[in-house]
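# Examination of the molecular architecture
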Amino acid sequence: ILCIGPKLLPSVPPFMDLLIAHCTNQDVLDVSHLLNQLCSKFKGEAIEAVDAAVGPFLRKCYSLMPTFDEVVGQGDIPPHLLTEQFSIKKISYAFLQHVATYHVTPVLLSNNNISSIEQVLQYMSEGALNVQEPILKKTCIMFFRELVDQWAADGSMPNERVAVQRGFNQFIGETIVPGLVKSILDPAFNEKDAMQARNVSQVAKLLSVLREKRGDSEYEQIFIGNVLLTLHCSGEIVGAFRAARDDKAIEKELRGMLAALKQSQRS
């Protein structure tokens, strides 16, 4: 990648086909590193080279995850199986985050992958909303922040994908935004832990980009109406969020709301 440069790209699809088909738990990380390097090095130029590998690679990751169908109760799962599942999830989350961060996102809308877009969004939402490990959570939140930046504004998708864009914006408004706020207000969330605290910043950045791309009216409906008012936040808190125009200001208000909630729980 570093030595040959873009001349390598036409050779990538058949090479990746073989690597993905034959990789195991032992070398799937190496395959992901190759895909991630292609995204980070070539960015948009890598779209055609990576496109056909996205679906097969994600399916391979899924097939390599140990399943627990015969195990009753999380406490009965052997630790080494949980570790293995965590490792594979980390690999697949990081790959999709690279796709979004380096603007290789058209591969998710291509004819090869469009049929799986709903499953991809659901899979990444599990990491953003339900995974407690802060680095994995951050990876998934960053994925959605990038997608909002690239897909949320009117006209940002091709005309033939307008229905996908509507579904995406609905998913962000109804699932991701409320779920993220709920996750950082959960009693299990420790804002004093440096790694977890950074995810408050990531949520603020997503909200800021959402407001920029969808406008004040939809931001009001999605965040103020469907989240803050549902949480019975005071008029002072609602007003402060309305006045917060950038991610730093939003982050400040999120931390203030979090502190107020913790204080009320203690009292």
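Residues numbered from 1 in each chain as written. Predicted model: local features only at pLDDT ≥ 70, side-chain atom pairs only at ≥ 80, totals over all residues. Heavy atoms only, no water.

### Points about the layout of surface pockets
Note the cut-off: Only protein atoms enter the 1 Å grid used here. Points where a 1.4 Å probe fits but cannot escape make up a cavity, open sets with protein on both sides within 12 Å along at least five of seven lines make up a pocket, and a residue lines them when an atom lies within 4 Å of a point. Grid points are joined across faces, edges and corners, and a volume is the space filled by probe spheres set on the points. Only DSSP runs of H or I with at least four residues qualify as helices, and only runs of E with at least two residues qualify as strands; both kinds are numbered from the N terminus onward.
As a volume, the largest pocket reaches approximately 330 Å³. What lines the largest pocket is a set of 16 residues, among which L58, R59, Q119, V120 and Y123 lie closest to the centre. Sorting the residues of the lining of the largest pocket by element identifies α3 (47-64), α4 (79-101) and α6 (117-129) as the ones contributing at least two each. No other element matches the six residues that α3 contributes to the lining of the largest pocket.

### Section: the packing of aromatic side chains
Spelled out, the test is: Geometry of aromatic contacts follows a simple scheme: Phe, Tyr and Trp rings, the Trp one being its six-membered ring, pair when their centres are within 6.5 Å, and the pair is stacked under 30 degrees between planes, edge-to-face over 60, tilted otherwise. Residue burial is assigned from relative accessible area. The probe radius is 1.4 Å, only protein chains are included, and a residue is buried under 20% of its type maximum, exposed over 50%, and partly exposed in between.
Scanning the model with the defined rule gives seven aromatic pairs in all. Between Y93 and Y123, the aromatic rings sit 5.0 Å apart at their centres with planes inclined by 45°, giving tilted as the arrangement. One end of the pair, Y93, is in helix α4; the other, Y123, is in helix α6, and 30 residues separate them in sequence. You'll find Y93 and Y123 in the same group, each marked buried. Considering the side-chain rings of W151 and F168, the 5.4 Å spacing of their centres and the 80° angle between planes classify their relative orientation as edge-to-face. Taken together, the residues W151 in helix α7 (residues 134-151) and F168 in helix α8 (residues 162-185) connect sequence positions 17 residues apart. The two residues W151 and F168 agree in class, both being buried. Aromatic ring contacts, followed pair by pair, group F143, F144 and F171 into a single cluster.

### Some words on unusual backbone geometry
A negative phi holds for most residues other than glycine; trans holds for most peptide bonds. Phi at H103 takes a positive value of approximately 60°, unusual for a residue other than glycine. Within the fold, H103 resides in the loop between α4 and α5 (106-109). Phi is positive for H232, close to 60°, though the residue is something other than glycine. As for its placement among the helices and strands, H232 is situated in the loop between α9 (194-228) and α10 (235-243). Since its relative accessible area comes to 73%, H232 is described here as exposed.

### Let's talk about the side chain of E146
Convention followed: Contacts are residue-level and defined by heavy atoms, with any inter-residue pair within 4.5 Å sufficient.
Structurally, E146 is set in helix α7. We classify E146 as buried; its relative accessible area is 12%. Ignoring anything within four residues of it in the chain, the contact list for E146 reads A100, T101 and H103.

### Considering the nonpolar core
Inclusion rule: Throughout this description, the term nonpolar core refers to a set of buried Ala, Val, Leu, Ile, Met, Phe, Trp, Tyr and Cys residues connected via side-chain atoms within 4.5 Å.
Of all hydrophobic cores here, the largest spans 84 residues; its most connected members are F143, F144, F223 and L254. The biggest single contributor to this core is α9, with 13 residues. Apart from the residues within four sequence positions on either side, F223 is in contact with V177, V181, L207, L228 and F241.

### Quick look at the pattern of salt bridges
Put simply, the rule reads: When a carboxyl oxygen of Asp or Glu is within 4 Å of a side-chain nitrogen of Lys or Arg, the pair counts as a salt bridge.
Per the counting criterion, the structure on display carries ten salt bridges. With its nearest N and O atoms 3.3 Å apart, the salt bridge here joins E146 to R145. According to the relative accessible area criterion, R145 is buried, its value standing at 16%. Salt-bridge contacts for R214 lead to E218; the nearest nitrogen and oxygen are separated by 2.5 Å. Placement of the pair is R214 and E218 together in helix α9, with a separation of four residues, close to one helical turn. In this structure E218 comes out as partly exposed when scored by relative accessible area, which is 26%. Look at the salt bridges and you will find they share partners, linking D149, E212 and K213 into a network.

### Overview of empty space enclosed by the protein
Convention followed: Amino acid classes used here: Ala, Val, Leu, Ile, Met, Phe, Trp, Tyr, Cys and Pro are nonpolar; Asp, Glu, Lys and Arg are charged; the rest, including Gly, are polar.
In the structure shown here, the tally under the stated rule is one cavity of 30 Å³ or more. Roughly 30 Å³ of volume is contained in the largest cavity. Every residue along the wall of the largest cavity is listed here: Q132, P134, K137, F189, Q196 and N199. In terms of residue class, the lining of the largest cavity is made up of two nonpolar, three polar and one charged.

### Points about α9
Note the cut-off: How far a helix is expected to stretch is found by multiplying one less than its residue total by 1.5 Å. Two axes define the bend at a residue: one fitted to the seven residues ending there, one fitted to the seven starting there, and the bend is the angle between them. Polar contact is defined as a pair of N or O atoms within 3.5 Å, subject to the rule that within protein one atom must be able to donate a hydrogen and the other to accept it, and that residues adjacent in sequence are counted only when both atoms are side-chain atoms.
With 35 residues, α9 ought to run about 51 Å at 1.5 Å a step, yet its terminal C-alpha atoms sit only 25 Å apart, falling short of that. Maximal helix bending in α9 amounts to about 125°, located at G215. Measuring from the side-chain oxygen of the N-cap residue of α9 to the backbone nitrogen of M195 gives 3.1 Å; that N-cap residue is D193.

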